[in-house]
Amino acid sequence: MCDLAWTSEAVGNLVKNALDHTEAGGEVCLSWQRSPLMLRLVVSDNGCGIPPEELPHIFKRFYRGRGGSSQEGVGLGLPLAKSIVEGQGGILTVESAPGRGTAFTLSFLTKL
């Protein structure tokens, strides 16, 4: 169970981030998987990726990575997405490799 409006805000922030960090002609993919215990939503791209040394900081408010995008932003999208997901009992995780892309996974327990 989750709040549709807030969850949409979180997913929208992740999609915007993926678009900002993916070159024209690249790919941004939204997928989902449901099991009896969990629902997972994945926002992935084949963009510039996030350097390993920056991964521990990306969910901090106002943090902006050194490389990647020339897009404007103040560094609030990812922290807000994490706060929304965790505020509903979910987990937001990230996997990334420079030059290969990034995948954010929103995981929510389902009601049994």
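Residues numbered from 1 in each chain as written. Predicted model: local features only at pLDDT ≥ 70, side-chain atom pairs only at ≥ 80, totals over all residues. Heavy atoms only, no water.

*Asks:* Any chance you could explain the overall build of the protein here in plain terms?
*Replies:* Within the protein one finds 2 helices and 4 strands. Along its sequence from the N terminus, the protein presents helices and strands in the succession α-β-β-α-β-β. Relative to a compact globule of 112 residues, whose C-alpha radius of gyration would be 13 Å, the protein shows 14 Å and is just as compact. When its C-alpha atoms are laid out on the principal axes, the protein stretches across 45 × 25 × 25 Å. Looking at the protein as a whole, 31% of its 112 residues qualify as buried. For the protein, contacts bridging at least 24 residues in sequence account for 57% of all contacts bridging at least 6. Only carbon and sulfur atoms are counted for the fraction: they give 56% of the accessible area of the protein, which is about 7,200 Å². Of the charged side chains in the protein, 10 are positive and 11 negative; the average position of the first set lies 7 Å away from that of the second. (Helix = DSSP H or I, 4+ residues; strand = E, 2+ residues; numbered from the N terminus. Rg over C-alpha atoms; globule rule 2.2 N^0.38 Å. Buried < 20%, exposed > 50% of the residue type's maximum accessible area, 1.4 Å probe, protein only. Contact = heavy atoms within 4.5 Å. Areas by Shrake-Rupley, 256 points an atom, 1.4 Å probe, with all protein chains shown as cover. Lys, Arg positive; Asp, Glu negative; His and termini not counted. Charge placed at Lys NZ, Arg CZ, Asp CG, Glu CD.)

*Asks:* What is the right way to look at the nonpolar core in this model?
*Replies:* Nonpolar side chains tend to gather and get buried jointly when the protein is soluble and globular. Ranked by size, the top nonpolar core spans 17 residues in total, and within it Leu14, Leu92, Phe104 and Leu106 carry the most contacts. Where this core is concerned, the elements lending two or more residues are α1 (4-20), α2 (77-87) and β4 (101-109). Take this core: its biggest share by element is 5 residues, from α1. Contact partners of leucine 92, with chain neighbours within four places excluded, come to Leu14, Phe59, Ala81, Lys82, Val85, Phe104, Thr105 and Leu106. (Core = buried A, V, L, I, M, F, W, Y, C linked by side-chain atoms within 4.5 Å.)

*Asks:* Before we go on, may I ask you to explain the pairing of strand β2 (residues 38-45) in this structure?
*Replies:* Here is the key point about a regular strand: its side chains alternate between the two faces of the sheet. For strand β1 (residues 28-34) and β2, the ladder comprises 7 bridges, and the chain directions are antiparallel. Across the sheet, residue serine 31 finds its bridge partner in β2, namely valine 42. Between the antiparallel neighbours β1 and β2 lie 3 residues. The sheet contact formed by β2 and β4 spans 8 bridges and is antiparallel. (Pairing = 2+ DSSP bridges.)

*Asks:* Whenever I open this one, the packing of aromatic side chains confuses me. Can you help?
*Replies:* For any two aromatic rings, the description comes down to two numbers: the centre-to-centre distance and the angle of the planes. This model, assessed by the stated rule, comprises 1 aromatic pair. Here the guanidinium or amino end of lysine 82 rests over the ring plane of phenylalanine 59, the centre of that ring lying 4.8 Å away. (Phe/Tyr/Trp six-rings, centres within 6.5 Å; stacked < 30°, edge-to-face > 60°. Lys NZ or Arg CZ within 6 Å of the ring centre and 35° of its normal.)

*Asks:* Explain the environment of histidine 57 to me, please; I cannot follow it from the model alone.
*Replies:* Mapped onto the fold, histidine 57 is located in the loop between β2 and α2. Here the alpha-carbon distance between histidine 57 and leucine 92, two residues 35 residues apart in the chain, equals 14 Å.

*Asks:* Can you help me understand the side chain of threonine 102 in this one?
*Replies:* Positionally, threonine 102 belongs in strand β4. Of note is the side chain of threonine 102, whose polar atom sits 2.7 Å from the side chain of serine 96. Residues in contact with threonine 102, not counting those within four places in the same chain, are Val43, Ser44, Asp45, Gly49, Ile50, Val94, Glu95 and Ser96. (Polar contact = N/O pair within 3.5 Å; in protein donor to acceptor, adjacent residues only side chain to side chain.)

In short, shape yes, function no, at least from these values alone.
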